[in-house]
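An overview of the molecular structure
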Amino acid sequence: MAIAILGERIKRKEDPRLIQGRSHYVDDFKLDGMLHMAFARSIYAHARIKSVDVTAAEKMPGVMAVLTGADLKGKLGLVPCAAGMEGLKVPDHPCLAIDEVRYAGEPVAAVIATDRYLARDAAEKIEVDYEPLPVVVNPEKAIEPGSPLVHQKLGDNLAFVAKLEGGDWKAIEADTSLKVVKQRLVNQRLAPASMETRGVIASYSPGEDMLTVWSSTQIPHILKTQLAIMTGLDEARCRVIAPEVGGAFGSKLNVYGEEGVACFASRMLGKPVKWIEGRRENMLATIHGRDQINNVEIYVQPDGKVMGLKCWIIADLGAYHQLLTPAIPTLTALMILGCYNIPNVFVETKGVFTNKMATDAYRGAGRPEATYIIERIMDIAAREMNMDPAEFRMKNFPQPKEFPLALPTGVTYDTANYQKALKKLTKISGYAKLRREQEKLRKKGKYLGLGLSTYVEICAMGPSSRMPAGGWEFGSVRIDPTGKVTVLSGTSPHGQGEETTFAQIVAEGFGIPYDDVTVFHGDTGMVPLGIGTFGSRTTAVGGTAIHNAVEKLKKKMARIAAPKLEVKPGELIFESGKIQTKDGAKSVAFGDIVAEAIFAKQLPPGIEPGLAEQFVFEPPNYTFPFGAHLAVVEIDAETGEVKLRNYYAVDDCGRVLNPMLVDGQIHGGLAQGIGQALWEDHVYDENGQLLTGTLMDYAMPKAHQFPWFETSGMETRTPVNPLGVKGVGEAGTIGSTPAVVNAVVDALSQHGVRHVDMPLKPEKIWRILNQPMSA
Amino acid sequence: MKIEGAYSIAAPRETVWQYLMSPESLAHALLGCEKLEPAPDGSFQAVLKIGIGAVKGTYQGRIELADVVPPVSYRMKVEGKGAGGFVSGEGTLSLSADNQGGTKIQYSGEAQVGGLIASVGQRLVQATARQVVNQFFQAFSKQVLSPSAK
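Reading guide: rules and limits
- Residues numbered from 1 in each chain as written.
- Chains lettered and ligands numbered in written order.
- Predicted model: local features only at pLDDT ≥ 70, side-chain atom pairs only at ≥ 80, totals over all residues.
- Heavy atoms only, no water.
- Contact = heavy atoms within 4.5 Å.
- Buried area = accessible area lost by both parts, 1.4 Å probe.
- Salt bridge = Lys/Arg side-chain N within 4 Å of Asp/Glu carboxyl O.
- Axes fitted to C-alpha atoms, helices over the stretch in contact; angles between N-to-C directions.
- Helix = DSSP H or I, 4+ residues; strand = E, 2+ residues; numbered from the N terminus.
- Parallel < 35°, antiparallel > 145°, perpendicular 65-115°, else oblique.
- Left-handed = near helix turned anticlockwise from the far one by under 90°.
- Nonpolar A, V, L, I, M, F, W, Y, C, P; charged D, E, K, R; others polar.
- Pairing = 2+ DSSP bridges.
- Buried < 20%, exposed > 50% of the residue type's maximum accessible area, 1.4 Å probe, protein only.

The next thing to look at is the interface of chain B and chain A. Tallying the contact residues gives 14 residues for chain B and 16 residues for chain A. Together chain B and chain A conceal approximately 1,300 Å² of surface at their shared face, both sides included; 54% is due to carbon and sulfur atoms. Of all residues in chain B, the largest losses of buried area upon contact with chain A belong to Lys81(B), Phe86(B) and Ser119(B), amounting jointly to 36% of the total for that side. Where chain B touches chain A, the interface holds zero salt bridges.

Okay, here's the thing in structure tokens:
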């Protein structure tokens, strides 16, 4: 009997060491002679640097060096942007500001000292003489004529304009029977705020001419390439290690100036240099998420069928491009039709520079915005059509047999059954009963709201043709002489638990115990190739590479085993530690064939000794997980407080390899998505000063604010990879934000409310309830 | 951030004006003021120690008076910066006789804060500003009313 291992709730291999505090994050590494770095950052959102006086800092005992932008000019490369699109303006982005600062928190100088606190104290002694320049914070104002310019050289604040158009708009616009439903939506700026802030240790050995970098990153291989380019070292001389990473959510899918400066300083001083970001720095100067303004309109037939969608997106990019800044809003355009078969689409996206920190990938990266746009406007339209939002959605879903479904946005959805997900949701939540309860409560003057969200998202990123640095992934599998298996992955999981999932894939493939498999990742010195972990790709793309490497090894082992058992290799299966015929009549121990292959005494001709195979998997398409969520909220009319009473989620992420890990992803994702709907808001004042610079000011969700999430799943597998896996890292975040807002607006609709912008804080709701009812 | 208010002192307008134009008396009344000296360009150089929530620090500043109309009003421009960030503001101070023979000082201005003070202390900035202003006027009126204590 084979032990079922794929699809089981297997506890994470990672957990014992993490829970017991026995593992290592960047800050846990202490190297001999290690120095510490701190940054002096701009206190202005926009200013000319008249002078930087570092003498007081340099004089402090223990300070080894102070670096300014001028010191690095021409010696350290710029902060890279990988996004390439037609007509994109890419301003110079030095690691330390030169001549001008363009957002509050921009690094201006770095101090390297023998002690972390000393470095900080010395950074405070750096005197920067600024001449304040006009500031632009509002992206809509930034593209008006006469606006202050973030980059004088570029002539305006428009980084790019991208258009996406499909269908026959002439016919739609001429059709007077169509009802046009419009709404302006603001998707506010968020702080990723991972529990572990950023951190880096750069250690250059002059003798060996080797640079080793420990960084809290999602992309060690891309970081290695970029740091080699920035420092001018051969890539072979650079090694990047991502040890334990305490959360990232996209914010560490990046190459930051601080990493470049650490490498430069270590090379200059010949000593290891460590920088650990403080929480205030993290709020200020780690990329932010979202920040879009969307003007959307849909064209609806009298029977409720949506025939067209237009949207004008203004994406606030901040002052500079980080690695993928301009690419993020283009994902919004790509996924804007959601799970509806809308034949005509037009999206214009304007990427705009402002005097703020750069935005970039944050859990969902462009797709939460898309889902919010389509799910809000569908809800608004349903109300205007006097249809139940569930019925209205159902009417616009494509049929399961229509997949693969090519959309006018240019993407092809792999597989789906949206009807089934929504039906399951309405059943488990008792939707009809909840509607009746709502009616009753309304009569008593109480506010209960139901909010649906049926989402589809784009995962398993992705085909290399559409990814800036390639979209493949590397996996290798080696069977050691003892029969134990070593797996290397080019992905870089940071909390997702793929050491467990990957071991499951390998154990299942070979029919060996799960504990016999050890997975390594996140070290470019150990794993030759890799792209990284983001875009819900790790299992679907990285797991497939490992699965395929296992299959290669199994073929080889079957060729060695077959002559011994006097069968054809194709007749053999791997089960319970044996290689055997399907009926089990003939078998040989897995370990015996391992020994044969490695010790190579009697290998059949043409077979190389050893059992090590690698596979680079190039996905032919993205995958498109989907789901249906329902939020049930109560609003306290006295205080305006929104109480999330129930949350139901049906998620279909393709084949589930470990339901416990999927649950974990969904629960965490929901908390983040609900956090955006109700509380989170990263606020700058009109002078470009960040007002939410601490966790006292930024409303980070807490566990007690959530009900128990009623999650359940479906499995619609994808043909895009042999595992049938779609990805689940971002689904919860993507689906939940509109569900909660739809619920709150549903509750307030009796008060004449059509839309409220996030976050739905008590003050905002209270004001709505305490003003005269709108028409 | 808007700062405005009024304070009445039971002293004639000319007397109040005199004190308001005296760096020593201002420095004395301003809590945490370590230095307030006239500079050659007509402005004043100031060193001020302020704590706003967790952000405590010493601020180097410059105070400039303009549109001086004795004993009625003047405009004041303040710029200060320190490790905690910067403060800058502009406002008007005007004196009028109140109906009890005293003087009413009315002030109104716009202030801007940046850096740590903004991102960490902003919830406290308004309250701190109000407190600093109130303490100033209390100490200031004490001086005006008992010159010998100066």
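Residues and elements named next belong to chain A. Direction vectors running N to C along helix H12 (residues 389-396) and helix H13 (residues 418-429) enclose 165°, while the axes themselves pass 10 Å from each other. Judged by the inter-axis angle, H12 sits roughly antiparallel to H13. Crossing hand, H12 versus H13: left-handed. Of H13, the residues touching H12 (which contributes Ala-390, Arg-393 and Met-394) are Gln-419, Leu-422 and Lys-423. A class-by-class count of the residues in the contact of H12 with H13 yields three nonpolar, one polar and two charged.

What follows is about the pairing of strand E4 (residues 55-69) of chain B. Side chains on a regular strand alternate between the two faces of the sheet. All names here are of chain B. Relative to E4, strand E3 (residues 44-52) runs antiparallel, the two being bridged by nine bridges. Residue Lys-49 lies in a different strand from E4, and its bridge partner there is Thr-58. Strand direction decides the pairing type here: E4 and strand E5 (residues 73-82), joined by nine bridges, are antiparallel. Residue pairing for E5: Leu-65 is matched across the bridge by Met-76.

Next up on the list: the pattern of salt bridges. Residues and elements named next belong to chain A. Enumeration according to the criterion identifies 54 salt bridges over all chains in this entry. When the shortest N-O distance is used, the salt bridge between Lys-50 and Asp-129 registers 4.0 Å. Of the two residues, Lys-50 sits in strand E2 (residues 47-53) while Asp-129 sits in strand E6 (residues 127-132), which places them 79 residues apart along the sequence. Exposure remark for Lys-50: the relative accessible area of 46% places this residue in the partly exposed category. Assessed through its relative accessible area of 30%, Asp-129 is described here as partly exposed. Because the salt bridges share partners, they merge into one network encompassing Arg-41, Arg-198, Glu-258, Glu-277 and Glu-281.

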